[in-house]
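Single-letter residue listing:
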Amino acid sequence: MGIVNVTPDSFSDGGLAFGTEAAVASASRLLDEGADWVDVGGESTRPGATPVPVEVERERVIPVVEALRSRFPRAVVSVDTSKAAVANAALDVGADVINDVTALDDPAMASVVARHGAHVILMHMRGEPRSMMQHTAYTDLVGEVVAHLRARVARARAAGIAADRIWLDPGVGFAKAPADNPRLIANVPRIAALGYPVVVGASRKRFVGELSGVPEAAHRVFGSIGAALAAAEAGVAVLRVHDVAATRQALTVFRACRSSG
Ligand code: HH2
């Protein structure tokens, strides 16, 4: 999954894909580089980010989804939103998946997804992006993440979202202390044991920079590849990444080696 941020302030590439044309060009490049899926986001969820009003988010995202749908009919298109109104508009113009970092906090979200027969990514987070880094204390990190995701799956199922439309994500960097992130990647099998495919987004994140001593997010490609291969080894179904060509190349070789034993 290649990341297309239609935002002026995302943590690693804010402003690069701001505006419909730039976002579509960026998605087109990611698909050329080997992405199967593009994730379009109109609101940054980096720690401390200020929420964007629904109208603004809708105006950023919907024209991009419309353009992608007509130009790339075979690509999977997800919209990274936690607002049911934005999700509804995006599904109306052909988005396939809602990537909800709050895992259905908006009371209308589950029914919007169910009504469209869409897919949904349920991600683990505590609090909201503005305050999440004040909620990083766990007594049993993996157990608590699994329990939270299990509860959100129950919410999705109760609203009528089919089991084969649900994806889970441990939420790397969302209300997590630095050491929690590699731990969650190593423990992907415990999340997958809930019975749903797992998505991981570690690309360019702060823990990668802290582990490798690289302060600049855009320079964390090599460390991000390390996280991506560890996640692949742990069994994730989808990697959410900025650097598609590099990740695709690494994964191709990784898989060839893994399957040649
Ligand atoms: N991380 C970000 C946003 N959306 N969705 C999922 N499912 N998993 C993630 O790990 C995830 C996500 C990171 O936030 P943002 O500040 O918007 O930056 P970017 O989109 O460039 O990664």
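Residues numbered from 1 in each chain as written. Predicted model: local features only at pLDDT ≥ 70, side-chain atom pairs only at ≥ 80, totals over all residues. Heavy atoms only, no water.

## As for the environment of P47
Move 1: Mapped onto the elements of the fold, P47 is located in the loop between β2 (37-41) and α2 (54-71).
Move 2: Looking at P47, the relative accessible area reads 29%, which means it is partly exposed.
Move 3: Residues P47 and R130 lie 83 residues apart in sequence; the distance between their C-alpha atoms is 5.9 Å.
Move 4: Apart from residues no more than four positions distant in its own chain, P47 is found in contact with P129, M132, M133 and R206. (Helix = DSSP H or I, 4+ residues; strand = E, 2+ residues; numbered from the N terminus. Buried < 20%, exposed > 50% of the residue type's maximum accessible area, 1.4 Å probe, protein only. Contact = heavy atoms within 4.5 Å.)

## As for the sheet that holds strand β5 (residues 119-123)
Move 1: Judged by pairing direction, the sheet is parallel, and its six strands sit side by side in the order β1-β2-β3-β4-β5-β6 without closing on themselves. Each edge of the open sheet is held by one strand with a lone partner, namely β1 (2-5) and β6 (166-169). When the angles between neighbouring strand axes are averaged without regard to direction, this sheet yields 25°.
Move 2: Bridge count between strand β3 (residues 76-80) and strand β4 (residues 97-100): three bridges; the pairing is parallel. Across the sheet, S78 pairs through a bridge with V97, a residue of β4.
Move 3: The strands touched by helix α5 (residues 141-158) within the sheet are β5 and β6, with β6 carrying the most contacts at an inclination of about 160°. (Pairing = 2+ DSSP bridges. Axes fitted to C-alpha atoms, helices over the stretch in contact; angles between N-to-C directions.)

## Some thoughts on empty space enclosed by the protein
Move 1: A complete count under the given rule lists three cavities of 30 Å³ or more for this structure.
Move 2: In this structure, the largest cavity spans a volume of roughly 60 Å³.
Move 3: Lining the largest cavity, in full, are V200, A202, S203, S224, A227, A228, L239, R240 and V241.
Move 4: The biggest single contributor to the lining of the largest cavity is helix α9 (residues 221-233), with three residues.
Move 5: Classifying every residue of the lining of the largest cavity by side-chain character gives six nonpolar, two polar and one charged. (1 Å grid on protein atoms, 1.4 Å probe; cavity = no way out; pocket = protein on both sides within 12 Å on 5 of 7 lines; lining within 4 Å. Points joined across faces, edges and corners; volume = space filled by probe spheres on them. Nonpolar A, V, L, I, M, F, W, Y, C, P; charged D, E, K, R; others polar.)

## Focus: the pattern of salt bridges
Move 1: Enumeration over the complete set of coordinates arrives at 14 salt bridges.
Move 2: Note that R152 and D105 form a salt bridge whose closest N and O atoms lie 2.8 Å from each other. Of this pair, R152 sits in helix α5 while D105 sits in the loop between β4 and α4 (109-116), placing them 47 residues apart in sequence.
Move 3: Each member of the salt-bridge network shares a partner with another, and the members are D39, D80 and R240. (Salt bridge = Lys/Arg side-chain N within 4 Å of Asp/Glu carboxyl O.)

## Points about the nonpolar core
Nonpolar side chains tend toward joint burial in soluble globular proteins.
Move 1: Counting 74 residues, the largest nonpolar core has L68, L122, I166 and V200 as the members making the most contacts within it.
Move 2: Top element by residues in this core is α5. It accounts for seven residues.
Move 3: Excluding residues that lie within four positions of it along the chain, L68 makes contacts with V24, A27, V38, V40, P73 and V77.
Move 4: One finds V97, I121, W167 and V199 within the second-largest nonpolar core, a separate group that totals seven residues. (Core = buried A, V, L, I, M, F, W, Y, C linked by side-chain atoms within 4.5 Å.)

## Brief notes about the side chain of E57
Move 1: Here E57 shows up in helix α2.
Move 2: Those residues in contact with E57 that lie beyond four places of it in its chain are G42, E43, V52, D80, T81, K83 and V86.

## Details of the site of the ligand
Move 1: Neighbouring the ligand are 20 residues, the closest being N5, D80, D169, K205 and R240.
Move 2: Between the ligand and the protein, one listed contact pairs a nitrogen atom with a side-chain N or O atom of D80 at 2.8 Å.
Move 3: A distance of 2.8 Å separates a nitrogen atom of the ligand from a polar side-chain atom of N99.
Move 4: Within the complex, 99% of the 480 Å² of free accessible area of the ligand lies under protein.
Move 5: Put simply, the parts of the chain that give the shell around the ligand at least two residues each are β1 and β5.
Move 6: Broken down by class, the residue content of the shell around the ligand amounts to six nonpolar, eight polar and six charged. (Near = heavy atom within 4 Å. Polar contact = N/O pair within 3.5 Å; in protein donor to acceptor, adjacent residues only side chain to side chain. Areas by Shrake-Rupley, 256 points an atom, 1.4 Å probe, with all protein chains shown as cover.)

## Here's the deal with the packing of aromatic side chains
Move 1: Counted according to the given criterion, the structure contains one aromatic pair.
Move 2: On the basis of an interplanar angle of 80° and a centroid distance of 5.2 Å, the ring pair of W37 and W167 is categorised as edge-to-face. Taken together, the residues W37 in strand β2 and W167 in strand β6 connect sequence positions 130 residues apart.
Move 3: We classify W37 as buried; its relative accessible area is 6%.
Move 4: With a relative accessible area of 16%, W167 lands in the buried category.
Move 5: If you follow R126 out to its NZ or CZ, it ends over the ring of Y138, 3.7 Å from the centre. (Phe/Tyr/Trp six-rings, centres within 6.5 Å; stacked < 30°, edge-to-face > 60°. Lys NZ or Arg CZ within 6 Å of the ring centre and 35° of its normal.)

Distances and angles like these do not, on their own, reveal function.
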